[in-house]
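# Inside the fold
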Amino acid sequence: MMATDLGEQFRAPMRRFPSTVSVISTAKDERRHGMTATAVTSVSLNPPSLLVCVNRSGRLFGIMESCHRFCVNVLHVEHVAVSRNFAEPNCPDRFAYGEWHDNEHGIPYLLDAQVAMSCVKSLSVPHGSHTVFFGNVEEIKIRDDISTLLYQNGDYGVFQPLAREGDASLAQLVGWG
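Report on the accompanying structure. Given the structure is predicted, the values throughout are model-derived calculations rather than measurements.

### Details of helix 3 (residues 80–87)
- For helix 3, the full list of buried residues reads Val82, Ser83, Asn85 and Phe86. Looking down the long axis of helix 3, one finds its buried residues gathered within 165° of arc, a one-sided arrangement.
- Structurally, helix 3 contributes buried residues whose contacts are with strand 2 (22–28), strand 3 (31–37), strand 7 (100–102), strand 11 (149–152) and strand 12 (155–158).

### What to know about the nonpolar core
- Judged by nonpolar contacts, the single largest core of 19 residues is most densely connected at Ile24, Leu50, Met64, Phe70 and Val72.
- For this core, the secondary structure elements donating two or more residues are strand 3, strand 5 (48–55), helix 2 (61–66), strand 6 (69–74), strand 9 (115–127) and strand 10 (130–142).
- Apart from the residues within four sequence positions on either side, valine 72 is in contact with Ser22, Val23, Ile24, Val40, Leu50, Val52, Val115, Ala116 and Met117.

### Remarks on the sheet that holds strand 9
- If you walk across this open sheet you meet the 7 strands as 3-2-6-9-10-5-4, and the pairing is antiparallel. Each of the sheet's edge strands pairs with one partner strand only, and the pair in question is strand 3 and strand 4 (40–45). If you compare each strand with its neighbour and ignore which way they point, the axes differ by 35° on average.

### Thoughts on the pattern of salt bridges
- Here the structure, examined in full by the defined rule, presents 6 salt bridges.
- Residue glutamate 8 pairs with arginine 11 through a salt bridge whose shortest N-O separation is 3.5 Å. In this pair, glutamate 8 and arginine 11 are both assigned in helix 1 (residues 3–15), 3 residues apart and thus about one turn of the helix distant. You'll find glutamate 8 and arginine 11 in the same group, each marked exposed.
- As a salt-bridge pair, arginine 32 and aspartate 102 come within 2.9 Å of each other at their nearest N and O atoms. Taken together, the residues arginine 32 in strand 3 and aspartate 102 in strand 7 connect sequence positions 70 residues apart.
- Given the relative accessible area of 30%, arginine 32 is considered partly exposed.
- Because the salt bridges share partners, they merge into one network encompassing Glu78, Arg143 and Asp145.

What counts and what doesn't
- Residues numbered from 1 in each chain as written.
- Predicted model: local features only at pLDDT ≥ 70, side-chain atom pairs only at ≥ 80, totals over all residues.
- Heavy atoms only, no water.
- Buried < 20%, exposed > 50% of the residue type's maximum accessible area, 1.4 Å probe, protein only.
- Helix = DSSP H or I, 4+ residues; strand = E, 2+ residues; numbered from the N terminus.
- Arc of directions from axis to C-beta.
- Contact = heavy atoms within 4.5 Å.
- Core = buried A, V, L, I, M, F, W, Y, C linked by side-chain atoms within 4.5 Å.
- Pairing = 2+ DSSP bridges.
- Axes fitted to C-alpha atoms, helices over the stretch in contact; angles between N-to-C directions.
- Salt bridge = Lys/Arg side-chain N within 4 Å of Asp/Glu carboxyl O.

Keep in mind these numbers describe shape, not what the thing actually does.
Put into structure tokens, the structure is as follows:
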């Protein structure tokens, strides 16, 4: 099998991974920049850090490469329009959707995001078509109500916990018992 065929096949299983939807935001020369992302994960508690994967052919890559700080804005279920807006390549003003503020370093964050984590970029690692940007978290803002926006197989959704009826019932429900 050729590598490009395998790459195309790889998309199908990746679409089955439910992912938290975030907007990665930063600023350069007093201009705001951002993109929708699902490739975000925690790295360490000491120091508190996370990573973001950015396609090197994407519009945010050059900005992320040269910036020193960025913010991971984990979206709430009410932010579907924000996600779509930041994913649209030809959107003239991405920051017109949602209530955006700037932190003390001039980095934009979504005021009512599920979580907004301001980071100092600590490392960049190119791999394949993407670069992995690591950030040490320096400030966290958390929204009280929990209804994080998820994305799976091309659709938005929200987490729905299973009923808590005991481990035996849960095992039967998922086919383990």
